[in-house]
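Residue-level structure breakdown
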Amino acid sequence: MDEQKNRPHDPEELIRLSAKLELLPCYYCGGEGNLYEVNVCENVIFVCVKCEKCGRVAMHRGAKLEYVRKPFHTEKSLTSVPIKDAKERCALEWNFRPEILDPSKIDEITSRREWKEWTR
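Summarised in this report is the structure supplied together with it. Small disclaimer: the values here were computed from a predicted structure and weren't measured. (Residues numbered from 1 in each chain as written. Predicted model: local features only at pLDDT ≥ 70, side-chain atom pairs only at ≥ 80, totals over all residues. Heavy atoms only, no water.)

With that settled, the discussion passes to the overall build of the protein. Across its full length, the protein holds 4 helices and 3 strands. Taken from N to C terminus, the helices and strands of the protein fall in the order α-β-β-β-α-α-α. Taking all 120 residues of the protein together, 37% fall into the buried category. Once local pairs closer than 6 in sequence are excluded, the contacts in the protein between residues at least 24 apart make up 47%. When the accessible surface of the protein is summed, it comes to about 7,600 Å², and 50% of that surface belongs to carbon and sulfur atoms. (Helix = DSSP H or I, 4+ residues; strand = E, 2+ residues; numbered from the N terminus. Buried < 20%, exposed > 50% of the residue type's maximum accessible area, 1.4 Å probe, protein only. Contact = heavy atoms within 4.5 Å. Areas by Shrake-Rupley, 256 points an atom, 1.4 Å probe, with all protein chains shown as cover.)

Shown next, in the form of structure tokens:
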């Protein structure tokens, strides 16, 4: 519980850290979170942050593999984005724990000019 006190309370700081792919300690246990890419099929990858201590996970689904050119992917639960973008969005989901960011909120944050400048 003491680890939570070290987490920034300013949403802008959480956004900035996420854009730079800096991961905060796990909200639940204070452990270290690491970013993983997990192949699930030919053209879709799951990107997740997993706590090495308690195993909690934040996941961004539907990052399109960069070498695949197939334009069709009709499942509504999947959003095709470059892998780099998916990692940044996954970091955003992890850093905002325990608040759940819905896809429209993530899109709103990641379309901001400052976000794009921070991710360069």
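Read on, since the account is not over.
Side chains that are nonpolar tend, in soluble globular proteins, to be buried together. Core analysis: the biggest nonpolar cluster contains 11 residues, these being L14, I15, L17, A19, L24, L92, F96, L101, I106, I109 and W115. The dominant element in this core, judged by the number of residues it contributes, is helix α1 (residues 11-19), at 4 residues. Aside from chain neighbours lying at most four places away, what touches A19 is E88, W115, W118 and T119. One finds I45, V47, C51 and I83 within the second-largest nonpolar core, a separate group that totals 10 residues. (Core = buried A, V, L, I, M, F, W, Y, C linked by side-chain atoms within 4.5 Å.)

Before going further, it helps to examine the pattern of salt bridges. Oppositely charged side chains can form a pair if their charged atoms are brought close together. What the rule picks out here adds up to 8 salt bridges. One salt bridge connects R16 with E13, and the closest N-O pair in it is separated by 2.8 Å. Placement of both R16 and E13 in helix α1 is noted, with a separation of 3 residues, approximately one turn of the helix. Exposure remark for R16: the relative accessible area of 25% places this residue in the partly exposed category. Its salt-bridge partner being K105, residue E108 comes within 3.4 Å of it at the nearest N-O pair. (Salt bridge = Lys/Arg side-chain N within 4 Å of Asp/Glu carboxyl O.)

Purely geometric numbers; function is a separate question.
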